[in-house]
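Next come the chains, spelled out residue by residue.
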Amino acid sequence: MKAIYINAPGEVVVKETQMPVRKSGEALLKVLYGGICGSDLGSYKGTFAYFDYPRIPGHEFSAEIVEIDENSQGLKPGMIVTCNPYFNCGTCYSCSQGIVNACQDNHTMGCQMDGAFSEYITMPVERIYEGNGLDPKVLAAIEPFCISYHGVSRADVRPMEKVLVVGAGTIGILAAIAAKAKGAVVYISDVSEGKLKLAQSFGVDGTILNSSPMHFVNEVERITNGNGFDVTIEAVGLPSTFQNCIDAACFGGRVVVIGVGKKNLDFNFTLIQKKELNVFGSRNALKKDFIELIDLVKSGEILLDQIITDTYSFEDAPKAFEDFANNPGNMLKVMIDFRK
């Protein structure tokens, strides 16, 4: 079979590799669609913290079950599914406490281990979730939605609260959508006017062009009558955007960090004490996030397909990565079509 490899920063190739061998307790899956995540793009650029070269990227995907043993989940050959790509160890302290998404030895597909961007993969049966009739392309976007949804859930976002999402990429826009679904009044900020225009099409209540620190602060004060936002969500992974979230949060507010980056932070941390902020890290997602969102998208309440802006064929994967790296302001969710 063929698979996509990132051999080195800036180098993506499609090449022949060995078919996976299904073990007991696993299913053989034929990959249908795969989404290029921000972490995949960071791996391509050489900026992602959790990646070694060469490696098969990809952890957002849909697939068809080819082979599977009889199982308690009722999964059968021919079903269209998605999967939980975060492999926890099961023995560390966080796993023993049931916080499996924060496993101390987590291995996420396409990051610390080979990912799903190949024609066939194997997956443990317990990590496979039926798509309930969702279009396979939409189903492949459930995983990034889970990342955002989990972060919004961490903050316990409530109806009519004012929420600011910093970062209008895919994860940021999906976080805004998730917060809107919980009844919040949602604003989104970014340095890119193009991304903010895209964000407006998803029904956010307002945008802030982060053109300068002073303009950002003035807009926050104007929108919140000087009070700050009840919840701020960091969806970029830069020290400056974390600072934005700290500055924009109200006294007693909640700050959620979803973004992943390599740079160290230097800031006036006493603001956390002064404002008595609640700061939450948000890592990966849980099974319940997948199940809830598959049902939510199936209900028609959220048109997740709108997040998909570009689709490339499997053989055009190198161009997909190159285009995405060079046009981040015009592209949100980029899908690779593995079907033949």
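In case you missed it, the structure is sitting above this.
Residues numbered from 1 in each chain as written. Predicted model: local features only at pLDDT ≥ 70, side-chain atom pairs only at ≥ 80, totals over all residues. Heavy atoms only, no water.

K.L.:
Describe helix α7 (residues 213-224), naming the residues involved and giving the relevant values.
P.N.:
In a regular helix each residue adds 1.5 Å, so 12 residues correspond to 16 Å; α7 covers 17 Å between its end C-alpha atoms and thus fits that length. For α7, the full list of buried residues reads Phe-216, Glu-219, Val-220, Ile-223 and Thr-224. Along the long axis of α7, the arc covered by the buried residues comes to 110 degrees, so they all point the same way. Residues of α7 that are exposed and point over 90 degrees away from its buried face: Met-214 and Arg-222. Turning to α7, the residues buried within the fold contact β10 (162-166), β11 (185-190), β12 (206-209), β13 (229-234) and α8 (239-248). Positioned one or two residues after α7, Asn-225 has a phi angle of 55 degrees, which is positive. (Helix = DSSP H or I, 4+ residues; strand = E, 2+ residues; numbered from the N terminus. Expected span 1.5 Å × (residues − 1). Buried < 20%, exposed > 50% of the residue type's maximum accessible area, 1.4 Å probe, protein only. Arc of directions from axis to C-beta. Contact = heavy atoms within 4.5 Å.)

K.L.:
For the pattern of salt bridges, give the residues involved together with the corresponding values.
P.N.:
Summed over all chains, the structure comprises 14 salt bridges. For Lys-333, the salt bridge identified is with Glu-60, shortest N-O distance 2.8 Å. Pair noted here: Lys-333 is in strand β17 (residues 333-337) and Glu-60 is in strand β4 (residues 60-67), with a separation of 273 residues, a long-range link. With respect to burial, Lys-333 and Glu-60 carry one shared label: buried. Close ionic contact of Glu-161 with Arg-254 constitutes a salt bridge, the shortest N to O distance being 2.8 Å. Taken together, the residues Glu-161 in the loop between α4 (142-154) and β10 and Arg-254 in strand β14 (residues 249-257) connect sequence positions 93 residues apart. Of the two residues examined, Glu-161 and Arg-254, each falls in the buried class. Connected through shared salt-bridge partners, Asp-156, Arg-158, Glu-161 and Arg-254 make up one network. (Salt bridge = Lys/Arg side-chain N within 4 Å of Asp/Glu carboxyl O.)

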